[in-house]
Amino acid sequence: MSPDDIVGIFRRVLETDSVSVDSDFFDLGGDSLLGTRVLSAIARAQGVELTFADIVDAPTPAALADRLASVTR
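Attention in this report is confined to the structure presented alongside it. (Residues numbered from 1 in each chain as written. Predicted model: local features only at pLDDT ≥ 70, side-chain atom pairs only at ≥ 80, totals over all residues. Heavy atoms only, no water.)

## Here's the deal with the environment of S40
Argument step 1. You can see S40 is positioned in helix α2 (residues 32-46).
Argument step 2. When the C-alpha positions of S40 and R11 are compared, they lie 14 Å apart, and in sequence the two are 29 residues distant. (Helix = DSSP H or I, 4+ residues; strand = E, 2+ residues; numbered from the N terminus.)

Next up, the structure:
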């Protein structure tokens, strides 16, 4: 899954177009409930379940894509 794919998920979940690959999920208004929705969307698309700690530690689409890539290798 590319950072741009995760940008799309962030945009849907946060209901804003103001997301880039370097946007911080929490700075954009994300919270634990919305984070769970992001993680669920990633799991549905990739078949890989990340934890909430993953989005806390890697809150941008670019960082989250890197985290996902390291888990799926």
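## Section: the environment of L50
Argument step 1. The residue L50 is located in the loop between α2 and α3 (52-57) in this model.
Argument step 2. Taking the C-alpha atoms as reference, L50 lies 8.5 Å from V71; in sequence the two are 21 residues apart.
Argument step 3. Setting aside residues no more than four positions away along its own chain, L50 makes contact with L39, I42, L64, R67, L68 and V71. (Contact = heavy atoms within 4.5 Å.)

## Details of the nonpolar core
Argument step 1. Ranked by size, the top nonpolar core spans 20 residues in total, and within it F10, F25, V38, I42 and L64 carry the most contacts.
Argument step 2. Within the residue set of this core, elements represented by two or more residues are α1 (3-14), α2 and α4 (61-72).
Argument step 3. It is α1 that contributes the most residues to this core, six residues altogether.
Argument step 4. Discounting chain neighbours no more than four positions away, the residues touching F25 are F10, L14, G30, D31, L34, G35, V38, I55 and P59. (Core = buried A, V, L, I, M, F, W, Y, C linked by side-chain atoms within 4.5 Å. Buried < 20%, exposed > 50% of the residue type's maximum accessible area, 1.4 Å probe, protein only.)

## Structural notes on the side chain of T60
Argument step 1. Residue placement: T60 occurs in the loop between α3 and α4.
Argument step 2. Polar contacts involving the side chain of T60 include one to the main-chain amide nitrogen of A63, which spans 3.1 Å.
Argument step 3. Filtering out sequence-adjacent residues up to four positions away, T60 remains in contact with F10, V21, D22, S23 and D24. (Polar contact = N/O pair within 3.5 Å; in protein donor to acceptor, adjacent residues only side chain to side chain.)

## Some points on the packing of α1 against α2
Argument step 1. The contact between α1 and α2 brings their axes to 10 Å, and the two run at 140°. Taken together, the axes of α1 and α2 are oblique relative to one another. Crossing hand, α1 versus α2: right-handed. Facing I6, I9, F10, V13 and L14 of α1, the residues of α2 in contact are L34, R37, V38, A41 and I42. (Axes fitted to C-alpha atoms, helices over the stretch in contact; angles between N-to-C directions. Parallel < 35°, antiparallel > 145°, perpendicular 65-115°, else oblique. Left-handed = near helix turned anticlockwise from the far one by under 90°.)

## A few points about the packing of aromatic side chains
Argument step 1. Scanning the model with the defined rule gives three aromatic pairs in all.
Argument step 2. A centroid spacing of 6.3 Å and a plane angle of 80° characterise the contact between F26 and F52, whose relative ring orientation is edge-to-face. Taken together, the residues F26 in the loop between α1 and α2 and F52 in helix α3 connect sequence positions 26 residues apart.
Argument step 3. Owing to a relative accessible area of 29%, F26 belongs among the partly exposed residues under this scheme.
Argument step 4. Accessibility expressed as a relative area gives 32% for F52, which makes it partly exposed.
Argument step 5. Grouping aromatic residues by their ring pairs yields a cluster made of F10, F25, F26 and F52. (Phe/Tyr/Trp six-rings, centres within 6.5 Å; stacked < 30°, edge-to-face > 60°.)

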